[in-house]
There are 2 protein chains.
Amino acid sequence: MKQNSNYDIRKRTDYENIMREFGIEEIDKLQSEIEQDIFFFRRKIVIAHRDFNKILERAKNGLDWAIISGRGPSNDLHIGHLIVFELILELQKKFGCKFFMPLSDDEKYVFRKLKALNNETYKLAIENAIDIFALGFEPDNVHCYLSSETPRIYRLALDFSVNLTYNSIKAALGFSGEENAGTVFYSCVQAAHILQPSVDYNFPVVVPIGLDQDVYMRLTRDVAGKRKITAPASIYVKYLKGLTGGPMSSSIPETCVYIRDDKKTIKKKIMSALTGGRDTLKEQKELGGVPEKCTVFNWFETFFIRDDEELEQIRTQCKNGKLICGKDCKPKLYNLVCEYQDKFTLKRKEVIKNLEKYFDHPIKPEILEQIRCT
Amino acid sequence: MKQNSNYDIRKRTDYENIMREFGIEEIDKLQSEIEQDIFFFRRKIVIAHRDFNKILERAKNGLDWAIISGRGPSNDLHIGHLIVFELILELQKKFGCKFFMPLSDDEKYVFRKLKALNNETYKLAIENAIDIFALGFEPDNVHCYLSSETPRIYRLALDFSVNLTYNSIKAALGFSGEENAGTVFYSCVQAAHILQPSVDYNFPVVVPIGLDQDVYMRLTRDVAGKRKITAPASIYVKYLKGLTGGPMSSSIPETCVYIRDDKKTIKKKIMSALTGGRDTLKEQKELGGVPEKCTVFNWFETFFIRDDEELEQIRTQCKNGKLICGKDCKPKLYNLVCEYQDKFTLKRKEVIKNLEKYFDHPIKPEILEQIRCT
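Parameters and conventions
Residues numbered from 1 in each chain as written. Chains lettered and ligands numbered in written order. Predicted model: local features only at pLDDT ≥ 70, side-chain atom pairs only at ≥ 80, totals over all residues. UniProt positions renumbered as here; feature names shortened; annotations may be inferred. Helix = DSSP H or I, 4+ residues; strand = E, 2+ residues; numbered from the N terminus. Rg over C-alpha atoms; globule rule 2.2 N^0.38 Å. Buried ≥ 20, exposed ≤ 12 C-beta atoms within 10 Å, placed from the backbone. Contact = placed C-beta atoms within 7 Å. Least-squares fit on C-alpha atoms with pLDDT ≥ 70 in both. Pairing = 2+ DSSP bridges. Nonpolar A, V, L, I, M, F, W, Y, C, P; charged D, E, K, R; others polar. Axes fitted to C-alpha atoms, helices over the stretch in contact; angles between N-to-C directions. Left-handed = near helix turned anticlockwise from the far one by under 90°. Parallel < 35°, antiparallel > 145°, perpendicular 65-115°, else oblique. Expected span 1.5 Å × (residues − 1). Right-handed = clockwise from strand over helix to strand, strands pointing away. Domains from an automatic or database assignment. pLDDT = per-residue confidence, 0-100.

Where an unreviewed UniProt entry is consulted, chain A appears under the name Tryptophan--tRNA ligase, with the organism given as Candidatus Heimdallarchaeum endolithica. Under the UniProt heading Sequence similarities (unreviewed entry), the note attached to chain A is "Belongs to the class-I aminoacyl-tRNA synthetase family."

So, on to the overall build of chain A. For chain A, the helix and strand inventory stands at 17 helices and seven strands. Radius of gyration (C-alpha) of chain A: 21 Å, near the 21 Å computed for a compact globule of 374 residues. For the C-alpha atoms alone, the extent of chain A along its principal axes is close to 65 × 50 × 50 Å. Of all 374 residues assigned to chain A, the portion counted as buried reaches 44%. Of all intrachain contacts in chain A linking residues separated by at least 6 positions in sequence, the fraction that spans at least 24 positions is 75%.

Superposing chain A onto chain B takes a rotation of 180° plus a shift of 0.0 Å along the axis, which leaves an RMSD of 0.0 Å. Each copy turns onto its partner about a two-fold axis. Nearest to the rotation axis, the C-alpha of A:Pro151 is located 2.7 Å from it, this being the minimum over chain A. Of the interface residues in chain A, 100% have counterparts in chain B that sit at the interface too, so the contact is made through matching surfaces.

The next thing to look at is the pairing of strand 2 (residues 46–50) of chain A. Residue and element names in this part refer to chain A. Counting buried residues in strand 2 gives four out of five residues, a clear majority hidden from the surface. Pairing between strand 2 and strand 7 (residues 233–237): four bridges, direction antiparallel. In the strand pairing of strand 7, His-49 is matched with Ile-235.

A separate point is the interface of chain A and chain B. Across the contact, 29 residues belong to chain A and 29 residues belong to chain B. In terms of residues, the side of chain A that touches chain B owes the most to one element, helix 10 (residues 181–201) of chain A, which gives six residues. Looking at the side of chain A that touches chain B residue by residue, the class counts come to 14 nonpolar, eight polar and seven charged.

This next bit is on the packing of helix 12 (residues 263–271) of chain B against helix 16 (residues 325–353) of chain B. All names here are of chain B. Where helix 12 meets helix 16, the axes come as close as 10 Å, and the angle between the chain directions of the two elements is 145°. Relative to helix 16, the crossing made by helix 12 is right-handed. Mapping the contact onto sequence places Lys-263, Ile-266, Lys-267, Ile-270 and Met-271 in helix 12 and Gly-326, Lys-330, Leu-333, Tyr-334, Val-337 and Cys-338 in helix 16. By residue class, the composition of the contact of helix 12 with helix 16 is seven nonpolar, one polar and three charged.

What follows deals with the packing of helix 9 (residues 166–173) of chain A against helix 11 (residues 214–227) of chain A. Residues and elements named next belong to chain A. Taken N-terminus to C-terminus, the directions of helix 9 and helix 11 make an angle of 155°; their axes are 9 Å apart at the nearest point. The pairing of helix 9 with helix 11 is recorded here as roughly antiparallel in orientation. Between helix 9 and helix 11 lies a crossing whose hand is right-handed. Every residue of helix 11 that contacts helix 9 at Ser-168, Ile-169, Ala-172 and Leu-173 is listed here: Val-215, Arg-218 and Leu-219.

Attention shifts here to the sheet that holds strand 5 (residues 142–146) of chain B. All names here are of chain B. With respect to topology, seven strands assemble into an open sheet ordered 1-2-7-6-3-4-5, the strand pairing being mixed. Single-partner strands in this sheet number two, and they are strand 1 (25–26) and strand 5. In this sheet, strand 2 (residues 46–50) lies alongside strand 1 in antiparallel orientation, the contact comprising two bridges. Bridging from a neighbouring strand, Glu-25 pairs with His-49 of strand 2. On the sheet, helix 4 (residues 52–60) packs against strand 2, strand 6 (205–209) and strand 7 (233–237) and is oriented at approximately 115° with respect to strand 7.

Moving on: unusual backbone geometry. One non-glycine residue with positive phi stands out, namely B:Asp51, at about 65°. Relative to the helices and strands, B:Asp51 is located in the loop between strand 2 and helix 4.

Before going further, it helps to spend a moment on helix 5 (residues 79–95) of chain A. An α-helix turns once every 3.6 residues. As a result, residues three or four positions apart point the same way. Residue and element names in this part refer to chain A. For helix 5, with 17 residues, the first-to-last C-alpha span of 24 Å sits near the 24 Å given by 1.5 Å per residue. The complete set of buried residues in helix 5 reads Ile-79, Gly-80, His-81, Ile-83, Val-84, Phe-85, Leu-87, Ile-88 and Leu-91. Just downstream of helix 5, Gly-96 is the residue with a positive phi angle, here 65°.

Attention now goes to the pairing of strand 7 of chain A. Residues and elements named next belong to chain A. Burial analysis of strand 7 places five of its five residues in the buried class, the great majority of the element. Residues Ala-233, Ile-235 and Val-237 line one face of strand 7 and the alternating positions Ser-234 and Tyr-236 line the opposite face, and both faces are buried. Relative to strand 7, strand 6 (residues 205–209) is paired through four bridges, and the arrangement is parallel. Its bridge partner being in strand 7, Pro-208 is matched across the sheet by Ile-235. Between the parallel pair strand 6 and strand 7, the chain is carried across by helix 11, and the sense of this crossover is right-handed.

All names here are of chain A. Taken in spatial order, the seven strands of this open sheet run 1-2-7-6-3-4-5, and their pairing is mixed. Strands with a single pairing partner mark the edges of an open sheet, and in this sheet they are strand 1 (25–26) and strand 5 (142–146). Across the sheet, helix 4 (residues 52–60) lies against strand 2, strand 6 and strand 7, angled at about 115° from strand 7, the strand it touches most.

Right, let's get into the environment of A:Cys144. Residues and elements named next belong to chain A. Along the chain, Cys-144 turns up in strand 5. According to the C-beta neighbour criterion, Cys-144 is buried, with 25 such atoms within 10 Å. A sequence separation of 42 residues divides Cys-144 from Pro-102, and the C-alpha atoms of the two residues are 5.7 Å apart. Filtering out sequence-adjacent residues up to four positions away, Cys-144 remains in contact with Met-101, Leu-103, Ala-129, Tyr-358, Phe-359 and Asp-360.

This part takes up helix 15 (residues 308–319) of chain B. The end-to-end C-alpha distance of helix 15 of chain B is 17 Å, a good match for the 16 Å that twelve residues give at a rise of 1.5 Å each. At the C-terminal side of helix 15 of chain B, B:Gly321 shows a positive phi close to 75°.

This part takes up the domain arrangement of chain A. Residue and element names in this part refer to chain A. Here chain A is described as being made up of domain 1 (8–239) and domain 2 (253–351). Each of domain 1 and domain 2 has a C-alpha centre, and the two are 29 Å apart. For the side of domain 1 that touches domain 2, the elements supplying multiple residues, two or more each, are helix 5 and helix 7 (119–133).

All names here are of chain A. Across chain A, the average pLDDT comes to 92, with 95% of residues at or above 70. Note on residues 1–10: pLDDT is under 50 here. Beyond four places in sequence and across chains, it has 17 contacts. Here the predicted complex scores 0.92 on pTM and 0.91 on ipTM.

Turning to the environment of B:Ala171, a few remarks are in order. Here B:Ala171 is to be found in helix 9 (residues 166–173). Through-space distance from the C-alpha of B:Ala171 to that of B:Val215 is 9.6 Å; in sequence the pair is 44 residues apart.

Further remarks concern the environment of B:Asp37. Positionally, B:Asp37 belongs in helix 2 (residues 33–37). Between the C-alpha atoms of B:Asp37 and B:Phe300, which are 263 residues apart in sequence, the distance is 18 Å.

And the structure:
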């Protein structure tokens, strides 16, 4: 395995090599039923998996399983982040599986994205959770918790900590030794997040993640093997393209739409997006656009247009020079994003009303009050 | 600093070098009052300190401070282990300070001295605590807790984990990289044990330890410095000699008397002890014994004979050939050890009655019942 310093492994984009190296299977080899029913499988946004066939086998036999996917509290929740949660919603709708959502404030803290763990970061974590639940999650199907506030997770992490050597963590994450001890232990905490539903509820789990995060899966599968716990399955999700053409990045505002951007900002970002359009209107009409290179089309395909026929119509019309980016597609995307945001804003109120029901632990009363008063 | 692999640093016995390297002060430089009043200071069993003068200064001004000293659950609690706790009792008697006692089941687990953390190890930890309290501790002055069962400690350890790099822990403890992640994080847990009284109660702390364990103090003082917490003071305690002449070791039964040895075993061990006696009775009478080389005399001096005059009398009589090891000193030590054990066995019952009062968290009811029924 290639050694990388400073977590560069997380930035690897040579997906095919990663898949070959670590025995991840292409999604084509799964049974076809799921591809019909679930948008993100049908559109091949879910590109690969490991052991997800075993989970589907359980589902067929009416046996329980769970999805686990975390969220580190931050101010930058954007639409790219939401793909995983929309996928989880679809899987829940089809299979009725439970969703475990650790709010990994500890991860953000040890990797120095949060300077402290205090009431402010606690509130931020809860607010992120509200935004995610507002996508349509029902409280009964969700186990959410703040990782640093959940003793059970630290007890499990301690339990698992004897099963991972420093050298194995170093190799997987490309550590140099100058990292703090919290980042080393965090691999154990992450294993605890992933395996807790199996240990405490006997639910085999599936983790939807990016291929570049597979290192964590491999560390956790090592632990599971040593502890005779069912190995966690994983499904690998493609990222939404950034609006400027490169990767989407939370720290580069023009590449993404934050969930709380105002309409004016959203408009500006989308109207400036890189498309597959030609240099002139004349060329566009004569040669047609290139949807494969277009970030707006990528957003349609990956997220906003669920109807296959409608999408194909746009693709054809674009190629035939019938669509003009700034007049047709960008305003269409803008409207779809606004609609999505409006729906979500409405739902937030309902979520806040039932907030405690989503959590595995009580929410600090002063934080709950602050949230309900704003 | 000399690099050692496999925690060899903990076995260093070149005390003078350690003291010079790390700026630990000899005990002679402390004010004399404590040397009069406290047995273990007077006898120079406490050989050195760091910042204990500051603690004494606080005491003079009527300000609070605390002692912290842990105990990893094990079957091998022996008289050598008890010196520290007897010292703490004396300090409490003089200064009324609080005593924090983490039962570090997590340490034993990550360093693989316990195979699992379960009800059995929980009970063992509580039983060790009972044995220690039976030395004469009052519940009001004690904060005891099982480390793995105390979320507050893990929260603090997480907090502190950003202030210790892997490399600094590696250098201090002589790690190779093949150690498990739990041992790396344990330095943070230990810092949490030591600093919790300062963080949560505003008590500056003193830690009584062996000089060979000073590495942990230095790591924790690093953390304290970075977090603007009062640096923990330390006092360094000499070990009791092993009965066979070498160091006392829990894993070599003939070197020590376990607190639960039966009288027959105690007799056998003491009667086989290495003394400073001569080869023949004739030589003994003519040349006298050598108390400085005698393990029995070491036990008198370090622990069992508190009266200075009585001790000097034994020393003189021995040197003058008036005492015969097997007839005089060994039976005397045997009687003193038995008396000590009897007193302690009596006290255990009282401790068990008030057990919950010593603990900062509830004791599992099933364990409490088991303990009360045996």
